[in-house]
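Residues per chain are reported as follows:
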Amino acid sequence: MNIDINNLGYRWKGLYSPYLSYLNNDVVYKDGGAYVMRNGVATPFALGQQDAVLAGHVLTGGVSVGGLANMVLHSNGASGMEFRFMGGRNGTIATGLMSTERSSCSGHAVTNYYMGSIMSDGSVRMIGLRQYGQTGTGVYGGDPAWNYTFPSTVAFPPGTPRITQVISAFNDTYYLDASGAVWHSGSNQGDTMSGRNTTSYIPVPQRINGNGDLGSNTIVKKIYIGRCYHGYPSVWLLDNQGRVYSWGYNQYGQLGNGNSTNQNAPKLIPMSVNTPIKDIYVTGGVYAASFLIGMNGILYAAGETNSSLLTSNSSTHQPVMPWGWNKTVKKIFSCETPGTWEGAGTYRRYGAVLENGEFWMWGDQGGYVGDGFGIGYGPASFQGNTIFPIKCLDGVKDAQAVAAGYHMSLALMNDGTVKWTGYNGQYIGGSSGISRNTWETLGGSFLTNVTKLRLYGYSTYQTAVALRSDGKVVVWGFGGSGQVGNGNNLTPNAPNSFLLLDKTVVDFSVSGYFGAGGGGLYCLTSDGQVMVNGYGAHSMDGDDDQESRFAPSPVIF
C-alpha cells in the first residue's frame, strides 16, 4: 500500500531550520509561534479566515481575525481534524544557539570556553566560563567557581524584548532584541568592544543604541563580528535601511570610516547611506579588511591591499569586482593564522563565492603542505601576481579554507556533495591520508544533501562539520577530545559515520578552541534540546569534573 504523506494533514516538525527539507503542511516553530510550510515558504498559521470549512484555515466562528500563531485551532475541512499548538508545551525549550560564525576565524579561538542558547521565552542562558563577564549574568571572575555547569540566565533588565540573535567575539558577547536594539556584555577587549566608550568589564548586558552614530531608535537587523587568531576584533551592525555601523580595531582603516584609528563607539559608514548593504564579511587579523555586499551583489572593500583585493590600502569602501561586474557576490571568507614552526610567518587565505557558483581564492600558497587552490598552482596569489585572484571551481554553494602553513579547502557544491583539496591532516580529505592539489569529491553517501558545511583548523589540527537536509550530522578530522561524537576520542577520523544522535538536528555551533583540538560541538535538535560533545574544560559541556564527552549529551536547562 502506498501512502501519500501530503494527505495526512498537518505534521509537527518542531523547530524550523533553513538547513532542513520540508513538505507542504509541515508545521514548525518559528519566530515565537507556529508556521505551516506552503510551497517551500513558512507561512503564519493563524492569519484569520471567515470560512471555517476550508482546509488549513483558522476556526474563527465566522469572524475574520488575526490570531497569535501559538494559540489557534485549525480544521482540515473534510474530517474536522484539529491542530492545536501550545508553544513549548508549557515548558521552556532552546530555539537558537549563540553564533560563533566569523568570516575571519579558522576555529583556533572561537569562544573562550562558553556557549549560549536562546530560549522559547526570549531569554538567553549561558554555560561554561564566566571569568570576564562574557556570560552576562552579573557574576564573573572569582575562584574556584569560574564556570557554569548548568545554564544560567543572562541578566537583561525587566521589559527587554525577546532576544533574537546572540553572537560571540571570544570574551565579548552581543545580543539583538526583537525591537532592533543591540546589547553587550564581556571583557571589552582593548577598551574598544563595548560600543559605549567604557574602560572596564561589562558583567551584565548594556544597551548600545544611543551611543556614537547609532540612534536610540535605530532598528538593527543583524550583528556581525570580525575576529581571527591574532585577536583584532571589530563589531558591525546592519540596520533595516541597509546602513552599516562599525567599531573596534581599525588597522589599515578596515572600519571604513576614513581613518585607521581604533573606534570605541558605533560609527556610520558613509557610503552605506546612499548604497544600501545586504550582507557583511569582516577579517579580524593583522592584515585587516572588510567586505560589504550591496543590494545588487556588488562588492565593496576597505583595509589592507592584499586582503581587500584593492590596489592600495584604503580606509573607505571601494567597489571591487575582479571577476567581472556582471558576476555578483554571494559571500566572502577569510582565515589568518601563524605558522607553527621556527621562523614561520603569518599565513592567510581569502575566498569569494559568486551567485553563479564560481569560487575564487587569493592569499598564501600554504607553506609546508597543500596549495589549497585545487588547480595545481603553487605560488601565492597577492597583488602584483598575474592571476589575482584565482578562479578555483564552478558549481559551488559555499566554501571555507584553513591557512596555517598546512593549507586545505572545502567546497559545498550546489548538488549537496562536498569537494576538498590541499593538506590531508587528520584524514580531513579521507582515509587515504594523501594530500592533493586538485579537487576531489569526499565522503561518499555520508556527505550527500549537505546544507551547512564548516571547517575549523590550526596547524595540523583540522575538524569539519556537515549538516544534511535530513537532520543528520557528519563530523570528521581531529577527534582527540571527543569532537567527532562517535563514542571515542580517537583521531584521525574520515567522513564515514554520523554523529551518535538519534534526533533531528536543525543547527549547530562550536565553542572553545575547536579548530585546535580543544573545543565543543553543540547541536540544536528539532525538539528544543541542545546536545554537546567534545572538550570539557571550564564545564562548557555541563560536566562539573570538566571531563570531555565522546558522544552527544543533553545540556540540562
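Note that the coordinates shown come from a computational prediction; the quantities given were computed from them, not determined experimentally.

Engineer: In this structure, what is going on with the packing of aromatic side chains? I would like to understand it.
Structural biologist: In this description, an aromatic ring pair is defined by two values, namely the gap between the centres and the angle between the planes. Applying the stated rule across the entire model yields 20 aromatic pairs. Seen in terms of ring centroids, Phe333 and Phe359 are 6.0 Å apart; in terms of plane orientation they differ by 45°. Their pairing is tilted. Placement of Phe333 in strand β24 (residues 329-338) and of Phe359 in strand β26 (residues 359-363) is noted, with a sequence separation of 26 residues between them. Put simply, the rings of Tyr113, Phe170, Tyr513 and Tyr535 touch in pairs and so form one group of aromatic residues.

Engineer: How should the nonpolar core be read in this particular structure?
Structural biologist: Across soluble globular proteins, you tend to see nonpolar side chains buried next to one another. Residues Val124, Met126, Val166 and Tyr175 are the most contacted members of the largest nonpolar core, which totals 36 residues. Of all the secondary-structure elements, those providing two or more residues to this core are β2 (26-30), β3 (33-38), β8 (94-97), β9 (114-119), β10 (124-129), β12 (163-168), β36 (518-525) and β37 (530-534). Leaving out residues up to four positions away in the same chain, Val124 has contacts with Ser117, Ile118, Ser152, Thr153, Val154, Phe156, Ile163, Val166 and Tyr175.

Engineer: Can you help me understand empty space enclosed by the protein in this one?
Structural biologist: To find leftover empty space, one rolls a probe the size of a water molecule over the atoms. For the structure shown, the criterion picks out three cavities of 30 Å³ or more. One number sums up the size of the second largest cavity: a volume of about 40 Å³. Along the walls of the second largest cavity sit Met115, Ser117, Arg125, Met126, Ile127, Pro151, Tyr522, Val530, Val555 and Phe557, which together make up its complete lining. Listing elements by their share of the lining of the second largest cavity, those giving two or more residues are β9 and β10. Element by element, the count of residues in the lining of the second largest cavity is highest for β10, at three residues.

Engineer: Looking at this structure, I do not really get the sheet that holds strand β28 (residues 396-402). What am I missing?
Structural biologist: In sheet architecture, strand pairing relies on hydrogen bonds along the backbone and comes in two forms, parallel and antiparallel. The four strands lie next to each other as β28-β29-β30-β31, forming an open sheet whose pairing is antiparallel. Pairing within the sheet leaves two strands with one partner each, and these edge strands are β28 and β31 (436-442). When strand polarity is set aside, the average angle formed by the axes of neighbouring strands in this sheet is 15°. Summarising the sheet, strand β30 (residues 418-422) and β31 pair through four bridges and their orientation is antiparallel. Looking across to β31, one finds that Trp420 is bridged to Glu440.

Engineer: Sorry if this is basic, but what is going on with the environment of Asn449 here?
Structural biologist: By secondary structure assignment, the location of Asn449 is in the loop between β31 and β32 (450-458). Exposure remark for Asn449: the relative accessible area of 45% places this residue in the partly exposed category. Distance in space between the C-alpha atoms of Asn449 and Asp415 is 7.1 Å, their sequence separation being 34 residues. Filtering out sequence-adjacent residues up to four positions away, Asn449 remains in contact with Gly416, Leu467, Arg468 and Ser469.

Engineer: Explain the pattern of salt bridges here, please?
Structural biologist: Pairing of side chains with opposite charge becomes possible as their charged atoms draw close. Under the defined criterion, the tally for this structure stands at 15 salt bridges. The salt bridge involving Glu101 is made with Arg454; its shortest N-O contact spans 2.8 Å. Remark: Arg454 occurs in strand β32 and Glu101 occurs in the loop between β8 and β9; sequence separation between them is 353 residues. The class of Arg454 is buried, set by a relative accessible area of 12%.

Engineer: Would you mind showing me how to read the pairing of strand β34 (residues 473-477) here?
Structural biologist: Successive residues of a regular strand alternate their side chains across the two faces of the sheet. With respect to burial, β34 is a largely interior element, five of its five residues being buried. Side chains Val473, Val475 and Gly477 of β34 all project onto a buried face; the interleaved residues Val474 and Trp476 project onto the opposite face, where all are buried too. Sheet topology places strand β33 (residues 461-468) next to β34; five bridges connect them, and they run antiparallel. Paired with Val465 across the strands is Val475, a residue of β34. What sits between the antiparallel neighbours β33 and β34 is a turn of four residues, in which Gly471 has the positive phi angle 85°.

Engineer: Even after reading the chapter, I still don't get unusual backbone geometry, so can you show me in this structure?
Structural biologist: Note: most residues except glycine have negative phi, and most peptide bonds are trans. Cis peptide bonds are those with omega within 30 degrees of zero, and the linkage from Phe388 to Pro389 qualifies with -5°. Secondary-structure assignment places Pro389 in the loop between β26 and β27 (390-393). Residue Pro492 is bonded to the preceding Thr491 through a cis peptide linkage, with omega at 5°. Residue position: Pro492 is located in the loop between β34 and β35 (505-513). A positive phi angle, close to 60°, is found at Asp191, a residue other than glycine. By the element assignment, Asp191 lies in the loop between β14 (182-186) and β15 (202-207).

Engineer: Sorry, what's going on with the pairing of β24 here?
Structural biologist: Counted residue by residue, β24 has nine buried out of 10 residues, so it is predominantly covered. Judged from the nine bridges that link them, β24 and strand β25 (residues 346-354) form a sheet pairing that is antiparallel. Considered in β25, the bridge of Glu336 is made with Arg348.

Engineer: Mind showing me how you'd approach the environment of Ala466 here?
Structural biologist: Mapped onto the fold, Ala466 is located in strand β33. On the basis of relative accessibility, which here comes to 0%, the residue Ala466 falls in the buried class. When the C-alpha positions of Ala466 and Leu455 are compared, they lie 8.9 Å apart, and in sequence the two are 11 residues distant. Setting aside its immediate chain neighbours within four residues, Ala466 contacts Leu447, Val450, Lys452, Leu453, Lys472, Val473, Val474 and Trp476.

Engineer: Sorry if this is basic, but what is going on with the side chain of Ser246 here?
Structural biologist: Looking at where Ser246 falls in the secondary structure, it is placed in strand β18 (residues 244-248). Looking at Ser246, its side chain comes within polar contact range of the main-chain oxygen of Leu255, at 3.1 Å. Residues contacting Ser246, with those up to four places away along its chain left out, are Val235, Trp236, Leu255, Gln263, Ala265, Pro266, Lys267 and Ile269.

Engineer: Quick question: what am I supposed to make of the sheet that holds β34 here?
Structural biologist: If you trace the three strands from one edge of the open sheet to the other, you get β32-β33-β34, paired in antiparallel fashion. Pairing within the sheet leaves two strands with one partner each, and these edge strands are β32 and β34. In this sheet, neighbouring strand axes are inclined to one another by 10° on average, regardless of whether the strands run parallel or antiparallel. For β32 and β33, the ladder comprises eight bridges, and the chain directions are antiparallel. In the strand pairing of β33, Lys452 is matched with Leu467.

Scoring rules and cut-offs
By convention here, each chain's residues receive numbers from 1 onward along its written sequence. Only residues with pLDDT of at least 70 get local features here, since the model is predicted, and only at 80 or more are side-chain atom pairs given and counted; chain-wide, interface and lining totals rely on the full set of residues. With hydrogens and water stripped out, all remaining heavy atoms of the structure feed into the side-chain values. Between the rings of Phe, Tyr and Trp (Trp by its six-membered ring), a pair exists once the centres lie within 6.5 Å; its type follows the angle of the planes, with under 30 degrees stacked, over 60 edge-to-face, and the other angles tilted. The helix count covers DSSP runs of H or I at least four residues long, the strand count covers runs of E at least two residues long, and both are numbered beginning at the N terminus. To qualify as a nonpolar core, a set must consist of buried Ala, Val, Leu, Ile, Met, Phe, Trp, Tyr and Cys residues joined through side-chain atoms within 4.5 Å. Categorising residues by exposure relies on relative accessible area from a 1.4 Å probe, with only protein chains included: less than 20% of the type maximum marks a residue as buried, more than 50% marks it as exposed, and the intermediate range marks it as partly exposed. Only heavy atoms enter the contact rule, under which two residues are in contact if any of them lie within 4.5 Å. Only protein atoms enter the 1 Å grid used here, on which a cavity is any set of points holding a 1.4 Å probe that cannot leave and a pocket is any open set flanked by protein within 12 Å on both sides along at least five of seven lines; residues with an atom within 4 Å of a point are listed as lining. Grid points are joined across faces, edges and corners, and a volume is the space filled by probe spheres set on the points. We treat two strands as partners when DSSP finds at least two bridges between them. Geometry is summarised by axes, namely lines fitted to C-alpha atoms with helices restricted to the contacting stretch, and by angles between N-to-C directions that run from 0 to 180 degrees. Criterion for a salt bridge: a side-chain nitrogen of Lys or Arg within 4 Å of a carboxyl oxygen of Asp or Glu. Polar contact is defined as a pair of N or O atoms within 3.5 Å, subject to the rule that within protein one atom must be able to donate a hydrogen and the other to accept it, and that residues adjacent in sequence are counted only when both atoms are side-chain atoms.

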